[in-house]
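Descriptive structure summary
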Amino acid sequence: MSAVKTSHRKKRSLAGRSSPEKALEMLEILRKLYPNAHCALIFDSPFQLLVATILSAQCTDVQVNRVTPKLFTRYPDPLAMMSADLESLENLIRSTGFFRNKARNLIACARLLVDQYQGRVPDTLEELVRLPGVGRKTANVVLGNAFGIPGMVVDTHVKRLSRRMGWSDGTDPEKIEQQLCELLPEEDWTLAGHLLILHGREICKAPVPLCSICPLQALCPKIGVDKAR
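Since the model is a prediction, treat every value here as computed from it, not as a measurement. (Residues numbered from 1 in each chain as written. Predicted model: local features only at pLDDT ≥ 70, side-chain atom pairs only at ≥ 80, totals over all residues. Heavy atoms only, no water.)

1. Observations concerning the overall build of the protein chain
Counting its regular elements, the protein chain contains 12 helices and 0 strands. Ordering the α and β elements of the protein chain from the N terminus gives α-α-α-α-α-α-α-α-α-α-α-α. Here the protein chain holds 229 residues, and the buried ones make up 48% of them. By sequence separation, contacts in the protein chain at least 24 residues apart represent 58% of the contacts at least 6 residues apart. (Helix = DSSP H or I, 4+ residues; strand = E, 2+ residues; numbered from the N terminus. Buried < 20%, exposed > 50% of the residue type's maximum accessible area, 1.4 Å probe, protein only. Contact = heavy atoms within 4.5 Å.)

Below is the structure:
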């Protein structure tokens, strides 16, 4: 390890949170617990993943996957989506919730992709977050899963688990993302998001985690956990 990296890691360990070594030990346990962890959204192109992730806000991945086959048949690319009839698009995505805002964002996003990117989904965080309906979480999902560019996704599960496990003391998603990126190696960012999300769904639930069956219980500080099962 280089002197720069060693110094950086020592500095991070003094922040009162989990050390990088402990975090990697916990991550390895999760990797073994969920060997098939991956993006649960079904997609065949960066554009499809972008659309599916926008739809997934306040909606389950399962429900999004029910909606997108018909949606992508009718609107397979940005050129088709930008020309969509708003009411028809709303009806197609109604079951994902907040369908009016999502429909407007999808049309505006598609139009921007056509006008500024020749119908191509950009592959940088800075460009992605300029698209209508796209925040850092959506951008990192697209980067990590469509382009293979490491991205640290912070959703409600990641926010909850990163605090309980002592990986972050932030409350703002962007601050949590920054701390997780400092704590974990870049090559693990995308997988770490998948693992934390799965663990949050299966064991480290809100509001009551299943600590008695969690393989991390000996390592986890259980910060903020008042009761557990």
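2. Points about helix α10 (residues 156-164)
Residues of α10 that are buried: His157, Val158, Arg160, Leu161, Ser162 and Arg164. Those residues of α10 hidden inside the fold are in contact with α11 (173-183) and α12 (189-202). Its side-chain oxygen placed 3.0 Å from the backbone nitrogen of His157, Asp155 serves as the N-cap of α10. Looking at the residues trailing α10, positive phi occurs at Gly166, about 75°. (Polar contact = N/O pair within 3.5 Å; in protein donor to acceptor, adjacent residues only side chain to side chain.)

3. With respect to unusual backbone geometry
For the peptide bond that leads from Ala206 to Pro207, omega is 0°, which places it in the cis range. Mapped onto the elements of the fold, Pro207 is located in the segment after α12. The backbone of Gln118 sits at a positive phi, close to 55°, despite the residue not being glycine. Along the chain, the position of Gln118 falls in the loop between α7 (99-117) and α8 (125-128).

4. As for the pattern of salt bridges
On inspection of all chains with the given rule, the structure shows 5 salt bridges. Between Glu174 and Arg136 there is a salt bridge whose closest N-O contact spans 3.9 Å. Taken as a pair, Glu174 in helix α11 and Arg136 in helix α9 (residues 136-146) lie far apart in primary sequence, 38 residues in all. The partner of Arg136 in a salt bridge is Glu177, with the nearest N and O atoms 2.8 Å apart. Placement of the pair is Arg136 in helix α9 and Glu177 in helix α11, with a sequence separation of 41 residues. One continuous salt-bridge network, built from bridges that share partners, spans Glu28, Arg31 and Asp188. (Salt bridge = Lys/Arg side-chain N within 4 Å of Asp/Glu carboxyl O.)

5. Side note on the state of the cysteines
Throughout this description, disulfide means a covalent bond between two cysteine sulfur atoms. Summed over all chains, the structure comprises 0 disulfides. For the unlinked cysteine Cys181, the closest cysteine sulfur is that of Cys39, found at 17 Å. Owing to a relative accessible area of 18%, Cys181 belongs among the buried residues under this scheme. With no disulfide of its own, Cys214 lies 6.5 Å from the sulfur of Cys211, the closest cysteine sulfur. (Disulfide = S-S within 2.5 Å.)

6. Some details on the nonpolar core
Residues Leu50, Leu71, Leu89 and Ile93 are the most contacted members of the largest nonpolar core, which totals 39 residues. Elements supplying a minimum of two residues to this core: α3 (46-55), α4 (61-74), α5 (78-82), α6 (86-93), α7, α8 and α9. With 8 residues, the top contributor of residues to this core is α7. Counting residues in hydrophobic clusters, the runner-up holds 29 residues, among them Met152, Leu196, Cys214 and Leu219. (Core = buried A, V, L, I, M, F, W, Y, C linked by side-chain atoms within 4.5 Å.)

7. Looking at the environment of Ala103
Positionally, Ala103 belongs in helix α7. With a relative accessible area of 0%, Ala103 lands in the buried category. Between the C-alpha atoms of Ala103 and Glu28, which are 75 residues apart in sequence, the distance is 40 Å. Once you skip the residues sitting within four places of it in the chain, Ala103 turns out to touch Leu86, Leu89, Glu90 and Ile93.

8. Focus on α12
Between its terminal C-alpha atoms α12 stretches 20 Å, which fits the 20 Å expected from 14 residues at 1.5 Å a residue. Across the 14 residues that make up α12, a large majority, 10, are buried. Within α12 the residues assigned to the buried category are Trp189, Thr190, Ala192, Gly193, His194, Leu195, Leu196, Ile197, His199 and Gly200. (Expected span 1.5 Å × (residues − 1).)

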